[in-house]
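Now for the letters of each chain:
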Amino acid sequence: MRAQALRFGEFTLKSGRQSPYFFNAGLFNSGTALAGLAACYADAIDAQREAGAIGDFDLLFGPAYKGIPLATALACEYAGRGRDLPVAFNRKEAKAHGEGGSLIGAPLDGRRVLIVDDVITAGTAIREALAIIRDGGGIAAGIVIALDRQEAVDPAASRRSAAETVADEQGLPVISVASLDDLLAFTGNDDTLAAERGRLLAYRDAYGSLTPR
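Residues numbered from 1 in each chain as written. Predicted model: local features only at pLDDT ≥ 70, side-chain atom pairs only at ≥ 80, totals over all residues. Heavy atoms only, no water.

A. Focus on helix 3 (residues 124–135). Compared with the 16 Å implied by 1.5 Å per residue over twelve residues, the 17 Å span of helix 3 between its first and last C-alpha is a close match. Residues of helix 3 that are buried include every one of I126, A129, L130, I132 and I133, and no others. Each buried residue of helix 3 lies within a common arc of 160 degrees when the element is viewed along its axis, so the set occupies one face. Structural note: helix 3 exposes R134 and D135 on the side pointing more than 90 degrees away from its buried face. After helix 3 finishes, the residue G137 shows a positive phi value of roughly 85 degrees. (Helix = DSSP H or I, 4+ residues; strand = E, 2+ residues; numbered from the N terminus. Expected span 1.5 Å × (residues − 1). Buried < 20%, exposed > 50% of the residue type's maximum accessible area, 1.4 Å probe, protein only. Arc of directions from axis to C-beta.)

B. Examining the side chain of D148 more closely. Position of D148 relative to the elements: it lies in strand 7 (residues 139–148). A polar contact of 2.8 Å, which involves the side chain of D148, links it to the backbone nitrogen of Q150. (Polar contact = N/O pair within 3.5 Å; in protein donor to acceptor, adjacent residues only side chain to side chain.)

C. Quick peek at the packing of aromatic side chains. Under the counting rule described, the total for this entry stands at four aromatic pairs. Geometrically, the ring pair formed by F23 and F28 is tilted, given 6.4 Å between the ring centres and 55 degrees between the ring planes. This pair shows no difference in class: F23 is buried, exactly as F28 is. Pairing Y203 with Y207 gives two aromatic rings, centres 4.9 Å apart and planes at 55 degrees, and the pair type is tilted. With Y203 and Y207 both in helix 6 (residues 194–207) and four residues apart, this pair spans about one turn of that helix. Over the ring of F57 we find R83; its NZ or CZ atom is 4.8 Å from the centre of that ring. Here the basic side chain of R149 rests over the ring of Y21, its NZ or CZ set 4.2 Å away from the ring centre. (Phe/Tyr/Trp six-rings, centres within 6.5 Å; stacked < 30°, edge-to-face > 60°. Lys NZ or Arg CZ within 6 Å of the ring centre and 35° of its normal.)

D. Representation of the packing of helix 3 against helix 4 (residues 162–170) within the structure. Running from N to C, helix 3 and helix 4 cross one another at 30 degrees; their axes reach a closest spacing of 11 Å. Classed by the angle they form, the pair helix 3 and helix 4 counts as roughly parallel. Every pair of crossing elements has a handedness; the one defined by helix 3 and helix 4 is right-handed. For the pair helix 3 and helix 4, contact is made by I126, R127, L130 and R134 and by T165, V166, E169 and Q170, respectively. The class makeup of the residues in the contact of helix 3 with helix 4 is three nonpolar, two polar and three charged. (Axes fitted to C-alpha atoms, helices over the stretch in contact; angles between N-to-C directions. Parallel < 35°, antiparallel > 145°, perpendicular 65-115°, else oblique. Left-handed = near helix turned anticlockwise from the far one by under 90°. Contact = heavy atoms within 4.5 Å. Nonpolar A, V, L, I, M, F, W, Y, C, P; charged D, E, K, R; others polar.)

E. Molecular detail of helix 1 (residues 31–50). Counted at 1.5 Å a residue, the expected span for helix 1 with its 20 residues is 28 Å, and the 28 Å between its end C-alpha atoms agrees. Within helix 1, the full set of buried residues consists of L37, A38, Y41, A42, A44, I45 and D46. Buried-residue contacts for helix 1 involve helix 2 (67–80), strand 6 (112–116), strand 7 and strand 8 (174–179). Once helix 1 finishes, G52 follows within two positions and takes phi at roughly 80 degrees, a positive value.

Following this line, the structure appears as structure tokens:
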């Protein structure tokens, strides 16, 4: 809320849906904001590792573009916690000069790779990242995102969320720092945001995942 990365109101999404809230990780645009977000990522990952929901990993991969600063900030956070993790990311277009190729950073070959991104909308960017990791000889270990909207891609066909679909399709754990359930709890506990809760509930009824919570 302080970074205005999360806002409430009326927003038209790329899907054409009218959403009562909008999340833009690009507004974590200062050192302090990114460091705070990276600490939240690390806390969420470590909690899931302790619970056995995700195995070990030894490289962070940030899909272009928003995943690049997120993976980099997370690597810095883990360095501060005593764990030095290599980082890699991709270009949208491969370079034919210089070092060439579409990958920058640490080599993926033989490494267990955790993908770091902001959200999973339709799963397209994640599938592209998984193909890059496979082509680079890496082994995908899981995916971590800032926000799970817990929203079905096509409610008429399936009421499974994009994150659930990717997790099942790829056989990978998907960890989220926060979710729509968290937003509902947050608005329910804040008098100044109480009016937003009903709109969030109506949106979840229309588009939300039906997987038991």
